[in-house]
Amino acid sequence: MLRFTLYRVLHVIPTLIIISIISFFIIQLPPGDFLTTQIAALEAQGESLDPAQLEALRIRYGIGEPFWVQYWKWISNIVLHGDFGLSFQYQRPVADLISERLGLTVLLGLATLILTWVIALPAGVISAIRQHKAADYIISVLGFVALAVPNFLAALALAYIGFRFFGQSVGGLFSAEYVNAPWSFGRVLDLLEHLWIPVVVIALAGTAGIIRTTRANMLDELHKPYVTTARAKGLPEGRTIRKYPLRIALNPFVSTAGWNIPSIFDGEVIVATVLALGTTGPLLLGSLRSQDMYLAGGIILIIAVLTVIGTFISDLLLAAVDPRVRFGKA
Amino acid sequence: MSQPQLPVADPEPDETGTTEDLSAETGRSSGAVASASQRRLIWWRFRKHRLAMIGMWLLVIMYTVAAFAGFFAPFSTSSYEGQHAYHPPQVPQFSFAEGLYVHPTTGHTDLETLAPVFEENTEEFIHLRFFVHGDEYKLLGLIETDIHLFGPSEPGERWYALGADRTGADLLSKIIYGSQISLSIGLVGVAVSLLLGLLLGGISGYFGGTVDTILQRVIELFMSIPTLPLWLGLAASVPPQWGAVPTYLMITVILSLLGWTSLARVIRGRLLQIRDEDYVLAANLDGVSTGRIIFRHMVPAFTSHIIATVSLAVPAMILSETALSFLGLGLRAPAVSWGVLLQDAQSVNVIATAPWLLIPGLAVVLAVVAFNFVGDGLRDSADPYGKRS
C-alpha cells in the first residue's frame, strides 16, 4: 500500500505542474497585458497611476518578459508566499477573495458528492436486480432525463418553485438576517435550508452516469457462479447481494467517484451563478467577463488542484478496497 | 457543465450469443441471421430497442425542421413588434365560420405595476392557414421564397404560438432557427473531436509502448481538470467583436479540444483488443499488408462502437454550447441558438412574468434525450452477437 501511495504521489506532482502551466496560459490569452488594461481603466475614471508604483508592479509580475519568466514569478509567489497576485476589479489580493468563498464551494462539493452516492448506488442496484421490470425502466428514464436537463434550467425551475410555492427567498446561501452574522446554530440551519436546491441540481446530473455503471457492474456479477453457490447454500437474497456481488460492483464505483469531481465543479459554476451563491463559481465567471485574469487564473488553479487531490484520494480508496489495483493486476 | 463522464461503449462483451439467440430475438429464421451482413444485424437489433427508435424519429424530425427552418418558422428572426414584448402564447381557436384564428392584441405597459398588459380585440380575426405567404427567406440557402407551412394568412399579421421574447419577436420561429446552430454545433464539434480521437487514440493503440504511456497520461490529465473553467477561460479570450461565424467555429474548436479524450480512450481500447484477435494474427501470417489489415480487418470491427460513442458525445456538446451561451461566453445575441435564447431567462423574476421563455430549454432536453436514446440503442446493438444488457 505504501509503495502504491508513493507511486501515485509521483504521478500527482507532474500533473499539478502541468495544470498550473495551463492555468497561467489562460491568464495570458487575452490580448494585451493586465497592467495596460488596469491603467486604461484607471484613466477612464480620471485617475492616474504613479510611475514609480507602475514600475514596481511591472517588475513584480515580470510584464514584458518571456512566458516562462512570468510563469515562474507567478507560481513561485503562490507556492512560496501564498501570493496569488492582485485582483484589479476588487483592488484586493486574490488570495483573500478566494479564501472567503472556498469553504462554501468545498462544502457544496462534498454535500453534492454524498447526495450523488446516496441516490445513485441504491438506484443502480435496484435497477440491476429488477432488470427489465418497471422499476428498472423508471430509473433508467429518470436518469436519462436528469442527464439531459441543463443544470441552469433545473436550478431556475427549482428556484422558481421554491419562490412561488414555499415563499423561499431566492438566491444566496443565507437569508438576509444571517448574511453577515457570526456562525451560530441558527445560521447553520439557515444554510442547510438554502443549500438543498444547488446540491440537488448538481447531484442529479451526476447520478445518471453512476447509475448506469453500477447497473452494468451488478448485472455482470449477478450471474456468476459464486452468487448461485451462495443462493444454493440457502443465504437469504438480501444478504447474498450485500455480501457478494455488491462488494465487487462497488470497485468501479469508487474509482468513478474520482472522475466525478470535475463535473461537480463544472456544475457549481453554473448553478451558483444562476442562484447567486457566494461560492467561487460566480467569482470566476465575473473575473473572466471583466478579464480580471489573475483572479480567474487563481480560481482555475485552486479548483484544478482540489480536483487532482480528490481524484488522488479516490484512487487510494480504490486501492484500499481492491488488492488487484495495488498490485497492478487490474 | 457538469457533463458527467461520457458513458463508454462497452469494450468487451463477456458472453457471446449464438445465431439461435439472435434469430429468436429478432424473430427471423436462423438461416436469414446466418447470412445477413453485420450492418443488417445491427439494424435488426436496433429496431428492437423501442426508446432508440423513438429517439431516432425525433432526431429525423428535428433535423428536417432545422434544415428547412425558413419554411417551418412562421416568421423570420428579424421580424419583431416592439409593443408585443413578452406577449404570452396564443392558442389558436376554431370556429366553422372563421376556421383557425386568434384575435389581434394591442400591448401597453401598466403604469402602476410596470407589467406588460395585452388587450384582445375580439371583433377582429387573424386567420391561421397552411402554406401562407409571409417573410421572405431562402430555402436551404438557395431558393428564394416566402411560403410558410403555417401562420397568419395576411403578411404583417402577428401570431405568437409560444409567446414573444424581450424584443417582441416570435419565440417559436426563434427556436426553429436556433436549432440550426444548436443541433449542428454538436455534430461539427464531435467531428473535430473524432478526428483528434482517431488520430491520437489510433497512434496510442497501434504503436503502444512509450508513446501509449505518454498519451494515456495526457488523457488522464485532461480528464482530471474541470472542463468548464477551462472552457470559460478559453471562450473569454474569443474577441467579442468577431462575427457570428468565426465565433461559432472558435467555440466548436474549444468544445472539441477538451472533448476528444474519451473518444481517444475508446478507440485505443478497441484497437488494443482487436490487435490480439486471432483473425488479425491469421491475416498477418497470410502476409496481408499492414494498411489492408487496419482498414479491411480492424476498422470494420470497431466502427459500430465508435458510432455509438459519438452519438453519446453529441448531446454533451449540445449541452456545453447551451451553457456557454447562457453564461454569455459563447455565441452572442444577433446569432440565434437555444443557449442564446435562454440568456433572456436568466433570473427568477423574468421567469415569473414570462415562464414561456424557458421553452427553448425544453427543446434542448428533447434533443439531448433523443440522442442519448439513440446512442444507448446503438451501444446495445453495436455488437450483434454480444449479450443484451
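Keep in mind that this is a model prediction, so the values were computed, not measured.

### Quick word on the overall build of chain B
A count of helical and extended segments in chain B gives 15 helices and 6 strands. Residue burial in chain B is summarised as follows: out of 389 residues, 49% are buried. Partitioning the intrachain contacts of chain B with sequence separation of at least 6 by distance along the chain shows that 66% fall at a separation of at least 24. As presented, chain B carries roughly 17,800 Å² of accessible surface, and 62% of it is formed by carbon and sulfur atoms.

### Digging into the pairing of strand 3 (residues 105–109) of chain B
Residues and elements named next belong to chain B. One ladder, built from 5 bridges, connects strand 3 with strand 4 (residues 116–120); its direction is antiparallel. The residue bridging Thr105 from the neighbouring strand is Glu120, located in strand 4. Hairpin connection of strand 3 to strand 4: 6 residues between the antiparallel strands, including Leu114 at a positive phi of 65 degrees.

### Looking at the interface of chain B and chain A
Listed as interface residues are 48 residues of chain B and, on the opposing side, 48 residues of chain A. Of the roughly 4,300 Å² buried where chain B meets chain A, counting both sides, 77% is carbon and sulfur surface. Linking chain B with chain A are 0 salt bridges. Inspection of the chain B/chain A interface yields 0 residue pairs in polar contact (both at pLDDT 80 or more). The set of elements that each furnish at least two residues to the side of chain B that touches chain A consists of helix 7 (209–224), helix 8 (227–236), helix 12 (290–326), helix 14 (348–353) and helix 15 (359–381) of chain B. Split into classes, the residues belonging to the side of chain B that touches chain A amount to 29 nonpolar, 14 polar and 5 charged.

### Re the side chain of Glu268 of chain A
Residue and element names in this part refer to chain A. Topologically, Glu268 is positioned in helix 11 (residues 245–274). No salt bridge is formed by the buried Glu268, whose closest oppositely charged neighbour, Arg101, lies at an N-O distance of 7.5 Å. A polar contact is formed between the side chain of Glu268 and the backbone nitrogen of Gly281, at a distance of 3.4 Å. The contacts of Glu268, once residues within four sequence positions are left out, are Thr105, Leu108, Ile202, Thr273, Thr279, Thr280 and Gly281.

### Notes on the packing of helix 1 (residues 2–28) of chain A against helix 13 (residues 293–321) of chain A
Residues and elements named next belong to chain A. Look at helix 1 against helix 13: their axes get within 9 Å of each other, and the N-to-C directions meet at 160 degrees. When the axes of helix 1 and helix 13 are compared, the pair comes out roughly antiparallel. The way helix 1 lies across helix 13 gives a crossing that is right-handed. Residues Phe4, Thr5, Arg8, Val9, Val12, Thr15, Leu16, Ile19, Ser20, Ser23, Ile26 and Ile27 of helix 1 touch helix 13, and the partners they reach there are Met293, Tyr294, Gly297, Ile300, Leu301, Ala304, Val305, Val308, Phe312, Asp315, Leu316 and Ala319.

### As for the packing of helix 5 (residues 94–129) of chain A against helix 6 (residues 134–148) of chain A
The description of two helices packed together rests on the angle between their axes and the distance between the axes. All names here are of chain A. Contact geometry of helix 5 with helix 6 gives a least axis separation of 8 Å together with a crossing angle of 135 degrees. For the element pair helix 5 / helix 6, the angle class is oblique. At the point where helix 5 passes helix 6, the crossing takes the left-handed sense. Across the interface between the two elements, Ala123, Ile126 and Ser127 from helix 5 touch Ala135, Asp136, Ile139 and Ser140 from helix 6. Looking at the contact of helix 5 with helix 6, its residues break down into 4 nonpolar, 2 polar and 1 charged.

### Quick look at the pattern of salt bridges
Pairing is possible between side chains of opposite charge, provided their charged atoms come close. Residues and elements named next belong to chain A. Taken as a whole, this structure holds 6 salt bridges over all chains when the rule is applied. A salt bridge links Asp136 to Arg215; the shortest N-O distance between them is 3.1 Å. Taken together, the positions of Asp136 in helix 6 and Arg215 in helix 8 (residues 185–222) put the pair 79 residues apart, joining distant regions of the chain. The residues Asp136 and Arg215 share a single accessibility class, namely buried. For Glu237, the salt bridge is made with Arg231, and the minimal N-O distance between the two is 2.8 Å. Looking at Glu237, the relative accessible area reads 38%, which means it is partly exposed.

### Observations concerning the side chain of Ser127 of chain A
Residues and elements named next belong to chain A. As for its placement among the helices and strands, Ser127 is situated in helix 5. By relative accessible area, Ser127 is classed as buried at 1%. Among the polar contacts made by the side chain of Ser127, one reaches the side chain of Asp136 at a distance of 2.5 Å. Residues in contact with Ser127, not counting those within four places in the same chain, are Asp136, Ile139, Ser140 and Arg215.

### With respect to the sheet that holds strand 1 (residues 93–95) of chain B
All names here are of chain B. Within the open sheet, the 4 strands sit side by side as 1-2-5-6. Their pairing is antiparallel. The sheet is open, and its two borders are formed by strand 1 and strand 6 (143–152), each paired with just one other strand. Each strand axis lies, on average, 45 degrees off the axis of its neighbour in the sheet, ignoring direction. Taken together, the 3 bridges between strand 1 and strand 2 (residues 99–102) define a ladder with antiparallel strand orientation. Each bridged residue has a counterpart across the sheet, and for Phe94 the counterpart in strand 2 is Leu100.

### What to know about a positive patch on the surface
All names here are of chain A. Residues Arg239, Arg242, Lys243 and Arg247 make up a contiguous surface patch of positive charge. Topologically, Arg242 is positioned in helix 10 (residues 237–243). Take Arg242: its relative accessible area is 54%, and that puts it in the exposed class.

### Notes on a nonpolar patch on the surface
Residue and element names in this part refer to chain B. Residues Leu199, Ile203, Tyr206, Phe207 and Val211 make up a contiguous nonpolar surface patch of roughly 460 Å² in combined accessible area. The biggest single contributor to the nonpolar patch is helix 6 (residues 171–207), with 4 residues. Structurally, Phe207 is set in helix 6.

### Quick word on the packing of aromatic side chains
Each aromatic ring pair is specified by the distance between its two centres and by the angle formed by the two planes. Counting across every chain of the model gives 9 aromatic pairs over all chains. Their ring planes at 80 degrees and their centres at 5.4 Å tell us that Phe94 of chain B and Phe96 of chain B sit as a pair that is edge-to-face. The exposure classification of Phe94 of chain B matches that of Phe96 of chain B, with both residues exposed. Seen in terms of ring centroids, Phe150 of chain B and Trp159 of chain B are 5.5 Å apart; in terms of plane orientation they differ by 85 degrees. Their pairing is edge-to-face. Pair check on accessibility: Phe150 of chain B and Trp159 of chain B agree, each one buried. An aromatic cluster is defined as three or more aromatic residues linked by ring pairs; in this entry it consists of Phe24, Trp68 and Tyr71 of chain A.

### Considerations on the nonpolar core
Formed by 128 residues in total, the largest nonpolar core has its most connected members in Trp74, Phe152 and Leu284 of chain A together with Leu232, Leu324 and Trp338 of chain B. The element best represented in this core is helix 12 of chain B, accounting for 14 residues. Of all hydrophobic cores here, the second largest spans 8 residues; its members include Val125, Met218, Ile241 and Ala249 of chain A.

Conventions used here
- Residues numbered from 1 in each chain as written.
- Chains lettered and ligands numbered in written order.
- Predicted model: local features only at pLDDT ≥ 70, side-chain atom pairs only at ≥ 80, totals over all residues.
- Heavy atoms only, no water.
- Helix = DSSP H or I, 4+ residues; strand = E, 2+ residues; numbered from the N terminus.
- Buried < 20%, exposed > 50% of the residue type's maximum accessible area, 1.4 Å probe, protein only.
- Contact = heavy atoms within 4.5 Å.
- Areas by Shrake-Rupley, 256 points an atom, 1.4 Å probe, with all protein chains shown as cover.
- Pairing = 2+ DSSP bridges.
- Buried area = accessible area lost by both parts, 1.4 Å probe.
- Salt bridge = Lys/Arg side-chain N within 4 Å of Asp/Glu carboxyl O.
- Polar contact = N/O pair within 3.5 Å; in protein donor to acceptor, adjacent residues only side chain to side chain.
- Nonpolar A, V, L, I, M, F, W, Y, C, P; charged D, E, K, R; others polar.
- Lys, Arg positive; Asp, Glu negative; His and termini not counted.
- Axes fitted to C-alpha atoms, helices over the stretch in contact; angles between N-to-C directions.
- Parallel < 35°, antiparallel > 145°, perpendicular 65-115°, else oblique.
- Left-handed = near helix turned anticlockwise from the far one by under 90°.
- Patch = residues over 30% accessible without salt bridge, like charges linked within 9 Å, V, L, I, M, F, W, Y side chains within 5 Å.
- Charge placed at Lys NZ, Arg CZ, Asp CG, Glu CD.
- Phe/Tyr/Trp six-rings, centres within 6.5 Å; stacked < 30°, edge-to-face > 60°.
- Core = buried A, V, L, I, M, F, W, Y, C linked by side-chain atoms within 4.5 Å.

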